Amino acid sequence: MRQNPAETLRRVLPKIREVLHVAGVEMQLTAAVSFLTVLQEESVSIHTYSHSFLHIILQNLEHRDAGVSNAWLETLLAVIEALPKETLRHEILNPLVSKAQLSQTIQSRLVSCKIMGKLANKFEAHIIKRDILPLVKTLCHDVEYEVRTCMCRQLEHIAQGVGSELTKTVVLPELVELSRDEGSSVRLAAFETLVNLLDMFDSDDRGQTVLPLVKSFCEKSFKSDESILVSLSFHLGKLCNGLYGIFTPEQHLRFLEFYKKLSTLGLQQENGHSDNQLQLQTLEQEKKYISVRKNCAYNFPAMIVFVDPKNFNLELYSIFFCLCHDPEVPVRYTMAVSFYEVAKLLNSGVYTIHKELVTLLQDESLEVLDALVGHLPEILELMTNGGENSGSESKLLSIPDLIPALTTAEQRAATSLKWRTHEKLLQKYACLPHIISSDQIYYRFLHRMLTIILTNNVLPVQKAAARTLCVYLRYNRKQEQRHEVIQKLIEQLGQGKSYWNRLRFLDTCEFIMELFSKSFFCKYFFLPVLELTHDPVANVRMKLCYLLPKVKSTLKIPTDKHLLQQLELCIRKLLCQEKDKDVLTIVKRTVLELDRMEISVDAEQLEKEKQQNDGRSTNINDKMFEKKRRDSKTSSVLAKSITLSVPGTSSGTSAGKEKKSKLVRSQSFSTQALHPKYSNIDKCPNKTSATGYTSSVSGMGKSCMLSFSDDSFRTRSTGNSGNAAFSSSSSSRNMFNSSDQKNGGNKESQSRRMSIKHRKSNS
């Protein structure tokens, strides 16, 4: 049908129709389910479906096997929801008249009852009154009690289809008559239908018709009709609140006493009855009584509303105590499930049921504990903060009993095989920072969570304990305790001998990133996490790689710039040194993801650093300018003093000698060979001070050169001490060579003058 519906309908469906007449139970059930699936998947239009499949369904409704008949009936009831009214009228409603007659089989009449209940919501009220209600009356008076019971249970749907008026005039009289039927199953069906239709009756019908019937059921339930007892106990809460407005004080008290009696049914031995009387009870009766008490526990919140929460201590506390201490687990389980509803209803008086909370927490059955844990955070919050009338003294007194009960419950769950209950309990214990003090959590619960992480063998339990521990750490404000826990996490988990503990450390770090600030994680856990890149176990490194994007998201620039460098270094090491193929594949994938990530920027910190850098550069520029200004003044003064100290020659001669000296000096600098020790000076990335010195020393005396050399040394020392030392040595060496060259130049000029004089004398 999914691939080729047209060909299936043309070639396959006729074969199925032929085979179903002689098919066995398995094939019949499979065909019924397949037809229903075709309808639900809407493989064909509803018109095509009704034309091709509806007749096959109707033909197999009265199969001799009850299971097969019910399967085809379920398919038909689903089809009725989708079929148009005209098809329903011609194909189903019209043939139904003959199928509901007494001459038909019981199976046929039972099917007719259920079909009429379904059709009641598909047609208008006048059509139901004309075509369906006569058949309903006939089937309500059927000779077989199974048919009467089935039709009685369909009266609820009939009433919803015909409306309140016809319900009052037609349906209610039928229910009253069926409630007096000789068959117990018919009476039970009538009672339950009556309770379900309670909202459709007005106050007059409730007071004059429904209430007398309910009172009659209650009186007979203990005497002659115990078959209705379980159903009566289940619906008692709904009945009491539905009829509340028409009860007299005496009737109100009578129904309350009836509930109390049902709550202790079967516990006569505790009330002084002999063992012989208890032994006379059959096993079936015992099961029935347990069901009754369980239903009373289910209805307890409704009974609190019935008596008013203000009267709880006086009217219902004793029953509440009995139900919480009932010897049967199903009863205590039901009380644990409804405990939160009871606590909400009591509001300011919730402190009165604290002892029962402790009792259920310490219950020997883990099923009871599991039921209670579901709403444990809300219950504990109500216990400690509930209501204005519950004074601080009662809250403080409740805590010492509560903490041992909570620890006992956790230890019992830990020693059992039901790890899901243990996991659930640990998850719910994360609410304790809102309930008790951080010191109590630190000494009674926090170290226990760490022990569970280290020793438990169930991964979900370990993760639940790790997250709860992080919550406890989050709300702990004492720095000493915080640092102690952080140190233990790093040493015992992050640096633990077992790789399993190191994996749990990464899980814990993930919870810390979820619950704490980014700066907290970076301060305490960033570097310990990165240390696991060198872990000898591949699974640890692999889990770390999956976590690295979250780790990087905690960084802020420029505050965490050094941590970013560490992260990049670790990734490079993983890429270069990783030998495991699976880990390397994940590393490469993680690198691509990290490259796409944007690191958050701390704008405020960035602005502060920018301002500091601007101020520092301004100060440096001012100092450099001041030094240059002083140096220029000093050099000019020295130059003047040198010029004035030259011995008696004319200005022209001195100027000529100075020019000659400059020429000789420049030639000596250009032709000077460097010492082998400094032959690699050109390889230095920074410029040496020798060049700057030779270019600026011309026109100055020896003292001027010394002064400039010292200034050059000082400026270099602020940037690079090594270069400064090199500059100083080269400057001093150049000065020494310059002096030698000057002396050599003077001797040469003297020898030239002597030779000229000698030539003149010869001439």
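The rules we used
- Residues numbered from 1 in each chain as written.
- Predicted model: local features only at pLDDT ≥ 70, side-chain atom pairs only at ≥ 80, totals over all residues.
- Heavy atoms only, no water.
- Helix = DSSP H or I, 4+ residues; strand = E, 2+ residues; numbered from the N terminus.
- Buried < 20%, exposed > 50% of the residue type's maximum accessible area, 1.4 Å probe, protein only.
- Contact = heavy atoms within 4.5 Å.
- Areas by Shrake-Rupley, 256 points an atom, 1.4 Å probe, with all protein chains shown as cover.
- Phe/Tyr/Trp six-rings, centres within 6.5 Å; stacked < 30°, edge-to-face > 60°.
- Lys NZ or Arg CZ within 6 Å of the ring centre and 35° of its normal.
- Arc of directions from axis to C-beta.
- Polar contact = N/O pair within 3.5 Å; in protein donor to acceptor, adjacent residues only side chain to side chain.
- Salt bridge = Lys/Arg side-chain N within 4 Å of Asp/Glu carboxyl O.
- Core = buried A, V, L, I, M, F, W, Y, C linked by side-chain atoms within 4.5 Å.
- pLDDT = per-residue confidence, 0-100.
- Axes fitted to C-alpha atoms, helices over the stretch in contact; angles between N-to-C directions.
- Parallel < 35°, antiparallel > 145°, perpendicular 65-115°, else oblique.
- Nonpolar A, V, L, I, M, F, W, Y, C, P; charged D, E, K, R; others polar.
- Expected span 1.5 Å × (residues − 1).
- Bend = angle between axes of the 7 residues up to and from the residue.
- Left-handed = near helix turned anticlockwise from the far one by under 90°.
- Disulfide = S-S within 2.5 Å.

Draft legend 1. Molecular detail of the overall build of the chain. Scanning the chain for helices and strands turns up 39 helices and two strands. By residue count, 42% of the 763 residues in the chain fall in the buried class. By sequence separation, contacts in the chain at least 24 residues apart represent 71% of the contacts at least 6 residues apart. Accessible area for the chain stands at about 41,600 Å²; split by element, carbon and sulfur atoms hold 52% of it.

Draft legend 2. Geometry of the packing of aromatic side chains. Going through the model one piece at a time under the given rule, you end up with 22 aromatic pairs. On the numbers, 6.2 Å between centres and 90 degrees between planes, the contact of Phe300 with Phe312 is edge-to-face. Of this pair, Phe300 sits in helix α17 (residues 300–307) while Phe312 sits in helix α18 (residues 312–315), and the two are twelve residues apart along the sequence. For the residue pair Phe300 and Phe312, the accessibility class agrees, reading buried in each case. Counting every residue linked through ring pairs, the aromatic cluster contains Phe505, Phe516, Phe520, Phe521, Tyr524, Phe525 and Phe526. Positioned above the aromatic ring of Trp500, the side-chain terminus of Arg504 is 4.5 Å from the ring centre.

Draft legend 3. Spatial organisation of helix α19 (residues 317–324). Those residues of α19 lying buried are Ile319, Phe320, Leu323 and Cys324. With its buried residues spanning 130 degrees around the axis, α19 presents them on a single face.

Draft legend 4. Spatial organisation of the side chain of Thr75. Here Thr75 lies in helix α5 (residues 66–82). Only 3.2 Å separates the side chain of Thr75 from the backbone oxygen of Ala32, close enough to count as a polar contact.

Draft legend 5. Up close: the pattern of salt bridges. This structure, assessed with the given rule, holds 29 salt bridges. Measuring nitrogen to oxygen at the nearest pair gives 3.7 Å for the salt bridge that ties Lys344 to Glu341. In this pair, Lys344 and Glu341 are both assigned in helix α20 (residues 329–346), three residues apart and thus about one turn of the helix distant. Taking the shortest distance from any N to any O, the salt bridge between Asp507 and Lys543 comes out at 2.9 Å. A residue pair is termed long-range when its members are at least 10 positions apart, and Asp507 in helix α29 (residues 499–515) and Lys543 in helix α32 (residues 538–552) qualify at 36 residues. Within this structure, Glu7, Arg10 and Arg11 form a network of salt bridges that share partners.

Draft legend 6. How the structure looks around unusual backbone geometry. In the segment running from Ile557 into Pro558, the intervening peptide bond is cis, with an omega of 10 degrees. Assignment of secondary structure puts Pro558 in the loop between β1 (556–557) and α33 (561–577). With a phi close to 55 degrees, Asn347 is a non-glycine residue in the positive phi region. Look at Asn347 and you get partly exposed, because its relative accessible area is 43%.

Draft legend 7. Focus on the environment of Val111. Along the chain, Val111 falls in helix α7 (residues 106–119). Considered as a pair, Val111 and Cys150 are 39 residues apart in the sequence and their alpha carbons are 9.2 Å apart. Once residues lying within four places of it in the same chain are set aside, the contact partners of Val111 are Leu61, Ser69 and Leu73.

Draft legend 8. A look at the nonpolar core. In this structure, Ile115, Leu119, Phe300, Ile353, Tyr429, Leu432 and Phe525 are the most contacted members of the largest nonpolar core, which totals 200 residues. Apart from residues no more than four positions distant in its own chain, Phe525 is found in contact with Ile486, Leu489, Ile490, Phe505, Cys509, Ile512 and Phe520.

Draft legend 9. Quick look at the side chain of Thr421. Relative to the elements of secondary structure, Thr421 occurs in helix α25 (residues 419–428). Thr421 gets classed as buried once you look at its relative accessible area, which sits at 6%. When neighbours within four sequence positions are excluded, Thr421 is seen to be in contact with Leu366 and Asp370.

Draft legend 10. Region of interest: the confidence of the model for the chain. Averaged over every residue, the pLDDT of the chain is 80; the share at 70 or more is 75%. This stretch, residues 270–274, has a pLDDT under 50; its non-local contacts, to residues over four places away or in other chains, come to one contact. In this model residues 637–745 is a low-confidence stretch, pLDDT under 50, and it forms 70 contacts with partners more than four residues away in sequence or in other chains.

Draft legend 11. Main features of the packing of α32 against helix α34 (residues 581–596). Between α32 and α34, whose axes approach to 9 Å, the crossing angle comes to 5 degrees. Regarding the angle of α32 to α34, the classification is roughly parallel. Counted together, Ala538, Arg541, Met542, Cys545, Tyr546, Leu548, Pro549 and Lys552 of α32 and Asp582, Val583, Ile586, Val587, Arg589, Thr590, Glu593 and Leu594 of α34 form the full contact between these two elements. Across the contact of α32 with α34, the residue classes tally to ten nonpolar, one polar and five charged.

Draft legend 12. How the structure looks around helix α13 (residues 229–242). The end-to-end C-alpha distance of α13, which contains 14 residues, comes to 19 Å, matching closely the 20 Å that a straight helix rising 1.5 Å per residue would cover. At His235, α13 shows its maximal kink, close to 50 degrees. Taken as a whole, α13 has its buried residues at Leu229, Ser231, Leu232, Ser233, His235, Leu236, Gly237, Leu239 and Cys240. On its buried side, α13 packs onto α11 (184–196), α12 (203–223), α14 (249–263), α16 (283–298) and α17.

Draft legend 13. Inspection of the packing of helix α26 (residues 438–455) against helix α27 (residues 459–475) at higher detail. Contact pair α26 / α27: the axes reach a minimum separation of 9 Å and the direction vectors enclose 150 degrees. The angle between α26 and α27 falls in the class roughly antiparallel. Judged by the sense of rotation from one axis to the other, the crossing of α26 with α27 is left-handed. Contacts between α26 and α27 involve Ser438, Ile441, Phe445, Leu446, Met449, Leu450, Ile452 and Ile453 on the former and, on the latter, Val461, Gln462, Ala465, Ala466, Thr468, Leu469, Tyr472, Leu473 and Tyr475. Taken together, the residues that form the contact of α26 with α27 break down as 14 nonpolar, three polar and no charged.

Draft legend 14. Fine view of the state of the cysteines. The final tally for this structure, using the stated rule, is zero disulfides. Distance from the sulfur of Cys470, which forms no disulfide, to the nearest cysteine sulfur (Cys509) is 8.2 Å. Judged by relative accessible area, Cys470 falls into the buried class, the value being 0%.

Draft legend 15. Fine view of the environment of Asn4. The topology assignment puts Asn4 in the segment before α1 (5–20). Considered as a pair, Asn4 and Ser43 are 39 residues apart in the sequence and their alpha carbons are 9.6 Å apart.

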